[in-house]
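Given next are the chains, with one letter for each unit.
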Amino acid sequence: MKNLKKPLSVILAALMLLSCLALSAFAAGGKITVTLRVEGIKACLYYGKVTLDEASTVLDVLMQADKDSTALTVTVADGPFGAYVSAINGESEKTFKGWDGWLYRVNGAEPQLSAAEQKVSLGDSVVFYYGDPYGVGMQYPVINTDKLKDGKISFTSTDTAYDENWNPVTQENPVKAYTLTWGYGNGKTVTVTPDENGVCTIEKEYLTNEAHSVQIERYAENGCPTVLRLAPDFTVGEKTASSIFRELFAKLRDFFSKIADFFKNLFKK
């Protein structure tokens, strides 16, 4: 059998070079692409890539997705601090009669600026979500899979509280009293509840040799979400060869589609 390592490495290097050139061309052309996820009260309303002009804001990303997709209907209102998102797909602020409404995070952090002021950059990840962090509370789960081989899963959240002088104090806390949905066996799911410390135990029959989808949910008594759900494609565990191939094929298809769109727009000018 011939040694295919060298030709394969050359192909991969060429693809990486083309990718860099394409991304540079996009940036030079005044366009950037970011990831947008919109988590509603009970479900994810949108998850995908958004391409828009450089120097755009977080609100621009959401409005561009509304323009590009029939999956979103965004309502913007004027407030004391400027424009803000009052409703998405009919899910309006103050649904639960508290401080609940639409908030956002960029790359896992909560900026201090409004969505109409916060700028985005190439490759940013933006999440709009419905919650009430100043009322019923909100946590942002980060999974711990150190003991996954033993079937143990837990989550932590970096939470912000305020002292008597309203100075912010951050602390890492365990996430408790949630519902975990564990995926296995090509589309099957099982619901798992954690112990009093927030640790879930996955039975051995569900620890199959594959990539497992994971989702976490928790709601206050009034129905308001109190944890930020994970992305719909979030997985843990080892991926099978077929899943790796599907992922690679999807990335290559997206890559060549962007190149085609770039040259199409270039020749139009």
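The residue numbering used here restarts from 1 in each chain and proceeds along that chain's sequence as written. Under the rules for a predicted model, residues below a pLDDT of 70 receive no local features and side-chain atom pairs below 80 are neither given nor counted, while totals for whole chains, interfaces and linings still include all residues. In computing side-chain values, all of the structure's heavy atoms are included and hydrogens and water are not.

Trainee: Would you take a moment to explain the overall build of the protein for this structure?
Mentor: Secondary structure follows DSSP: runs of H or I at least 4 residues long count as helices, runs of E at least 2 residues long count as strands, and numbering of each begins at the N terminus. Assigned secondary structure in the protein consists of three helices and 15 strands. Any residue under 20% of the maximum accessible area for its type is buried, any over 50% is exposed, and the rest in between are partly exposed; the area is computed with a 1.4 Å probe on protein chains only. In the protein, buried positions account for 37% of the 269 residues. Here, residues are in contact when the closest pair of their heavy atoms is within 4.5 Å. For the protein, long-range pairs separated by at least 24 residues make up 54% of all intrachain contacts whose partners lie at least 6 apart in sequence. Only the protein chains shown count as cover for residues, with accessible areas throughout obtained via the Shrake-Rupley method and a probe of 1.4 Å. Working note: accessible area of the protein is about 16500 Å², and carbon and sulfur atoms make up 56% of it.

Trainee: Looking at this structure, how should I read the sheet that holds strand E4 (residues 82-88)?
Mentor: Within a sheet, each strand pairs with its neighbour through backbone hydrogen bonds, oriented either parallel or antiparallel. When DSSP finds at least two bridges between two strands, those strands are taken to pair. One open sheet accounts for three strands, arranged E3-E4-E5; its pairing is antiparallel. Looking at which strands have only one partner, the edges of the open sheet turn out to be strand E3 (74-79) and strand E5 (91-92). Direction of pairing for E4 relative to E5: antiparallel, over a ladder of two bridges. Following the sheet pairing, Ala87 is matched in E5 by Ser92.

Trainee: Sorry if this is basic, but what is going on with the sheet that holds strand E12 (residues 188-192) here?
Mentor: Taken in spatial order, the four strands of this open sheet run E12-E11-E14-E15, and their pairing is antiparallel. Only two strands of the sheet have a single neighbouring strand rather than two, namely E12 and strand E15 (235-236). Pairing of strand E11 (residues 179-184) with strand E14 (residues 212-217) involves four bridges; the strand directions are antiparallel. Bridge pairing in E14 places Thr181 opposite Gln215.

Trainee: Help me out: how do you make sense of the pairing of E4 in this one?
Mentor: It is a general feature of regular strands that their side chains alternate between the two faces of the sheet. Both E3 and E4 contribute to a ladder of six bridges, which runs antiparallel. Within E4, the position partnered with Ala77 by the bridge is Tyr84. Here E3 folds back onto E4, and the loop between the two strands holds two residues. Connecting E4 to the antiparallel partner E5 that follows it, the hairpin turn spans two residues, and Asn89 within it adopts a positive phi of roughly 50°.

Trainee: Help me understand the pattern of salt bridges, please; the structure alone is not making it clear to me.
Mentor: Think of it this way: side chains of opposite charge can pair up when their charged atoms draw near. For salt bridges, the criterion is a side-chain nitrogen of Lys or Arg within 4 Å of an Asp or Glu carboxyl oxygen. Here the structure, examined in full by the defined rule, presents three salt bridges. Lys31 serves as the salt-bridge partner of Asp53, at 2.8 Å between the closest nitrogen and oxygen. Placement of Asp53 in strand E2 (residues 44-53) and of Lys31 in strand E1 (residues 31-39) is noted, with a sequence separation of 22 residues between them. The partner of Arg37 in a salt bridge is Glu39, with the nearest N and O atoms 2.8 Å apart. For the residue pair Arg37 and Glu39, the accessibility class agrees, reading buried in each case.

Trainee: Help me out: how do you make sense of the pairing of E12 in this one?
Mentor: Pairing between E11 and E12: five bridges, direction antiparallel. Counted as the bridge partner of Gly183 is Thr189 from E12. The antiparallel pairing of E11 with E12 creates a hairpin that spans three residues between the two strands, and Gly185 there sits at a positive phi of about 55°.

Trainee: Mind showing me how you'd approach the packing of aromatic side chains here?
Mentor: Any two aromatic rings considered together are summarised by their centre-to-centre distance and by the angle between their planes. For this analysis, a ring pair means two rings from Phe, Tyr or Trp (six-membered ring only for Trp) whose centres lie within 6.5 Å, classed as stacked if their planes differ by under 30 degrees, edge-to-face if by over 60, and tilted for the remaining angles. If you walk through the whole model with that rule in mind, you get seven aromatic pairs. Seen from their ring centres, Trp102 and Tyr130 are 5.5 Å apart, and the 90° between their planes marks the pair as edge-to-face. Of the two residues, Trp102 sits in strand E6 (residues 101-106) while Tyr130 sits in strand E7 (residues 125-131), which places them 28 residues apart along the sequence. Exposure class is identical for Trp102 and Tyr130. Each is buried. Both rings, one in Phe155 and one in Tyr178, keep their centres 5.3 Å apart while their planes meet at 85°; by these two values the pair is edge-to-face. Residue Phe155 is found in strand E9 (residues 152-162), and its partner Tyr178 is found in the loop between strand E10 (168-174) and E11; the two are separated by 23 residues along the sequence. Judged by relative accessible area, Phe155 falls into the buried class, the value being 2%. Three or more aromatic residues joined by ring pairs form one cluster here, namely Phe96, Trp102 and Tyr130. Here the basic side chain of Lys42 rests over the ring of Tyr219, its NZ or CZ set 3.9 Å away from the ring centre. One cation-aromatic arrangement involves Arg105 over Tyr140; the distance from NZ or CZ to the ring centre is 3.8 Å. To sit over a ring, a charge needs its Lys NZ or Arg CZ within 6 Å of the ring centre and within 35 degrees of the ring normal.

Limitation: the analysis is restricted to geometry and does not speak to function.
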